[in-house]
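Listed below are the residues making up each chain.
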Amino acid sequence: MLILGIESSCDETAAAVVEDGEGILSNIIASQALTHEKYGGVVPELASREHLKKIALVVDEACRQAGVRLQEIDALAVTEGPGLIGSLLVGLVYGKALAQALHKPLVGVNHLEGHIHSAWLENKMARRATPSLGEARFPNVSLVVSGGHTSLFRVWTENHPHTHTPIFFYRQLGQTRDDAAGEAFDKVAKLLALGYPGGPVIDKLARFGNPHAVPFGPIRMKGNALDFSFSGLKTAVLYRLRGSELGVEAAKRREWRNRAGRVTSEEIRSQCSEATLDLIASFQEAVVTDLVERTLAAAKSTQISSVFVAGGVACNSRLRERFREAVKAAGLSVFFPSPLLSTDNAAMIAAAGYFKLLAGERADLSLTAHASFPLGVAHHEPAATRG
Ligand code: KG4
Ligand code: ZN
């Protein structure tokens, strides 16, 4: 079955054609990073306009690269939330219109569900090339960690009574109470005038600093031990800059960046003192330690031996390294998507949508976008813990 996936929840306009939930025939991503770079974050109004400009081109290119005509697509899967409402609507309305015009079935997919499927999709593709590779299995504990989300889920499957295909179930175990981890990377990069998006540049610069130089200490909170909080860490970086040499250096770097225009991470490094590189490395280490420790605590408390890590921050090289060390020591296994499938993409939406379609799910024209769209949150939980 050929599924056309469409994703536009934030600042990437994406379309992909995926065969039978596991063969990526095309995966087109038009990034808006250059549009938002000068603002140091995504500007929602600009994001919607960019999606409008790109959506038709991106869908056409996905079909062209897959070598299929639109009429040959069997069904469509679109992201219905969570995300920026104006951005979501562009992909969703385009998908609905295409499904209607082509008389093809349509399903809505939760963006977080897509991220979780990206780790599995990657594993299925890798195992086709190398069958001896470990198999990503369910149940698992999945960490979705990106610019908009930091959430832990227990994920399990049950077979559909008639089709015997897997139906996926999710229970949210914890989530961030303030900033997402990627958001903290982006905000700290902005404070230090390192550029946008912050995650990739911090990842590169942190290799040159001492991760233990600044004692940020563990992140502590009352209540659910599987929740996250990164805003305190960001504020701690801010306080280290205020009235200090590091702050003066960041202001100079900001001026230099404004004059220099586009610069490489090597050039940025040449504008960073050893103390700044230590601060960057220590900040990253604190975020990574917290993500690894809470995820492993979730695996332990649910007695699950398989961990999935997905979302833009899953690209982080130190995070991957620390996860690999930690799961080895604990006798667990961890699965990551490749960097291209870690950040926002439509192949993950098509892959997740495939199983919904197999289970008989169909969306009608009432399908609409949801800025907030919790995945796996039990109805009896207090509203304050949703989002
Ligand atoms: O999944 P994604 O593309 O979009 C959202 O759903 O948010 O994630 C983007 C986020 C940004 O905050 C970006 O800074 C972060 O992922 N990111 C990274 C790395 N690459 C991207 N964070 C840390 N290290 C990286 N290498
Ligand atoms: Zn995402």
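Bear in mind that the values here come from a model prediction, so they are computed numbers and not experimental data.

Undergrad: Provide a residue-level description of the layout of surface pockets, including the pertinent values.
TA: Roughly 370 Å³ of internal volume is contained in the second largest pocket. E37, K38, G195, R257 and N258 are, among the 17 residues lining the second largest pocket, the residues nearest its centre. Within the residue set of the lining of the second largest pocket, elements represented by two or more residues are α5 (181-191) and α8 (245-260). A breakdown of the residues in the lining of the second largest pocket according to their chemical character gives 6 nonpolar, 4 polar and 7 charged. A domain-level breakdown of the lining of the second largest pocket finds at least three residues from each of domain 1 (2-134 + 340-385) and domain 2 (181-303).

Undergrad: If you had to explain the nonpolar core to someone new, which residues and values would you point to?
TA: Counting residues in each nonpolar core, the largest one holds 54 residues, and the members touching the most others are L194, F230, F283, L291, V309 and F323. The set of elements that each furnish at least two residues to this core consists of β6 (140-145), α5, α6 (198-206), α7 (231-241), α8, α10 (274-302), β9 (306-310) and α11 (317-330). Ranked by residue count, the leading element in this core is α10, at 13 residues. If we ignore the near neighbours within four places in the chain, the residues touching L291 are L143, V145, T150, A181, F228, F230, V313, L319 and F323.

Undergrad: So, the sheet that holds strand β4 (residues 75-81): which residues are in play, and what are the values?
TA: Ordered by their spatial adjacency, 5 strands build an open sheet running β3-β2-β1-β4-β5, and the pairing between neighbours is mixed. Where the open sheet ends on each side, the last strands, each with one partner, are β3 (23-31) and β5 (106-110). Sheet twist, expressed as the average angle between the axes of neighbouring strands with direction ignored, equals 20°. In this sheet, β5 lies alongside β4 in parallel orientation, the contact comprising 5 bridges. By the bridge assignment, V78 is partnered in β5 with G108.

Undergrad: Help me get a handle on the site of ligand 1, residues and values and all.
TA: The immediate surroundings of ligand 1 are formed by 21 residues, with G147, D186, G199, D203 and N316 found nearest. Separating an oxygen atom of ligand 1 from a side-chain N or O atom of D186 is a distance of 2.7 Å. Contact distances for ligand 1 include 3.0 Å between an oxygen atom and a backbone N or O atom of D344. Starting from 560 Å² of accessible surface for ligand 1 in isolation, the protein chains cover 91%. Sorting elements by how many residues they give to the shell around ligand 1 places α6 first, with 4 residues. For the shell around ligand 1, the residue count by class is 5 nonpolar, 13 polar and 3 charged.

Undergrad: Hey, could you go over the coordination of the zinc ion (ligand 2) for me, with residue numbers and the actual values?
TA: Surrounding the zinc ion (ligand 2) are the protein donor atoms H111 (NE2), H115 (NE2) and D344 (OD), at 2.1 Å. Each of the 4 donor atoms bound to the zinc ion (ligand 2) contributes to angles spanning 93 to 146°, and the resulting shape is irregular. Mapped onto the sequence, the donors of the zinc ion (ligand 2) take the spacing H-x3-H-x228-D. Highlighted residues: H111 in helix α4 (residues 111-129) and D344 in the loop between α12 (339-342) and α13 (347-358), separated in sequence by 233 residues. Across the pair, D344 and H111 agree in class, each one buried.

Undergrad: Please give an account of the sheet that holds β9 that cites residues and values.
TA: The strand order across the open sheet formed by 5 strands is β8-β7-β6-β9-β10, and the pairing between neighbours is mixed. Both outer strands of the open sheet, β8 (166-175) and β10 (333-335), are each paired with one neighbouring strand and no more. Averaged over all pairs of adjacent strands, the angle between their axes in this sheet comes to 25°, without regard to strand direction. Judged from the 3 bridges that link them, β9 and β10 form a sheet pairing that is parallel. The residue of β10 that forms the bridge with V307 is V334. Along the sheet, α10 makes contact with β6, β7 (150-159), β8 and β9, crossing β6 at roughly 155°. Packed on one face of the sheet, α11 meets β6, β9 and β10 and runs near 155° to β10.

Undergrad: Quick one: what's the story with α5, residue by residue and with numbers?
TA: Three or more residues of α5 are buried, namely A181, G182, A184, F185, D186, V188 and A189. Looking at the buried side of α5, the elements it contacts are β6, β7, α6, α7 and α10. Note on α5: the residue one or two positions beyond its end, A193, has a positive phi of about 55°.

Undergrad: So, the domain arrangement of the protein: which residues are in play, and what are the values?
TA: For the protein, the assigned domains read domain 1 (2-134 + 340-385) and domain 2 (181-303). The C-alpha centroid of domain 2 is placed 30 Å from the C-alpha centroid of domain 1. Counting residues at the interface gives 9 residues for domain 1 and 5 residues for domain 2. Overall, the association of domain 1 and domain 2 removes approximately 540 Å² of surface from exposure, summing both partners, and the carbon and sulfur fraction of that is 50%. Contact with domain 2 buries surface across domain 1, with A33, E37 and G40 losing the most and accounting together for 64% of the total. Put simply, domain 1 and domain 2 have 1 salt bridge between them. E37 is paired through a salt bridge with R262; the nearest N and O atoms lie 2.8 Å apart.

Undergrad: Summarise α11; cite the residues concerned and give the values.
TA: For α11, spanning 14 residues, the distance from its first C-alpha to its last is 20 Å, which sits close to the expected 20 Å at 1.5 Å a residue. All buried positions along α11 are accounted for by L319, R320, R322, F323, A326 and V327. Looking down the long axis of α11, one finds its buried residues gathered within 170° of arc, a one-sided arrangement. For α11, exposure combined with an orientation more than 90 degrees from the buried face picks out K328 and A329. Close packing links the buried residues of α11 with β6, α10, β9, β10 and α12. By the N-cap criterion, in which a side-chain oxygen at the helix start approaches the backbone nitrogen of a residue two or three places on, α11 is capped by N316, the distance to R318 being 3.1 Å. Positive phi appears at G331, one or two residues downstream of α11, with a value of about 70°.

So, how was this worked out
Residues numbered from 1 in each chain as written. Chains lettered and ligands numbered in written order. Predicted model: local features only at pLDDT ≥ 70, side-chain atom pairs only at ≥ 80, totals over all residues. Heavy atoms only, no water. 1 Å grid on protein atoms, 1.4 Å probe; cavity = no way out; pocket = protein on both sides within 12 Å on 5 of 7 lines; lining within 4 Å. Points joined across faces, edges and corners; volume = space filled by probe spheres on them. Helix = DSSP H or I, 4+ residues; strand = E, 2+ residues; numbered from the N terminus. Nonpolar A, V, L, I, M, F, W, Y, C, P; charged D, E, K, R; others polar. Domains from an automatic or database assignment. Core = buried A, V, L, I, M, F, W, Y, C linked by side-chain atoms within 4.5 Å. Buried < 20%, exposed > 50% of the residue type's maximum accessible area, 1.4 Å probe, protein only. Contact = heavy atoms within 4.5 Å. Pairing = 2+ DSSP bridges. Axes fitted to C-alpha atoms, helices over the stretch in contact; angles between N-to-C directions. Near = heavy atom within 4 Å. Polar contact = N/O pair within 3.5 Å; in protein donor to acceptor, adjacent residues only side chain to side chain. Areas by Shrake-Rupley, 256 points an atom, 1.4 Å probe, with all protein chains shown as cover. Donors = N, O, S within 2.8 Å, 3.2 Å for Na, K, Ca; no water. Tetrahedral: all angles 85-135°; square planar, octahedral: opposite > 155°, others 65-115°. Buried area = accessible area lost by both parts, 1.4 Å probe. Salt bridge = Lys/Arg side-chain N within 4 Å of Asp/Glu carboxyl O. Expected span 1.5 Å × (residues − 1). Arc of directions from axis to C-beta.

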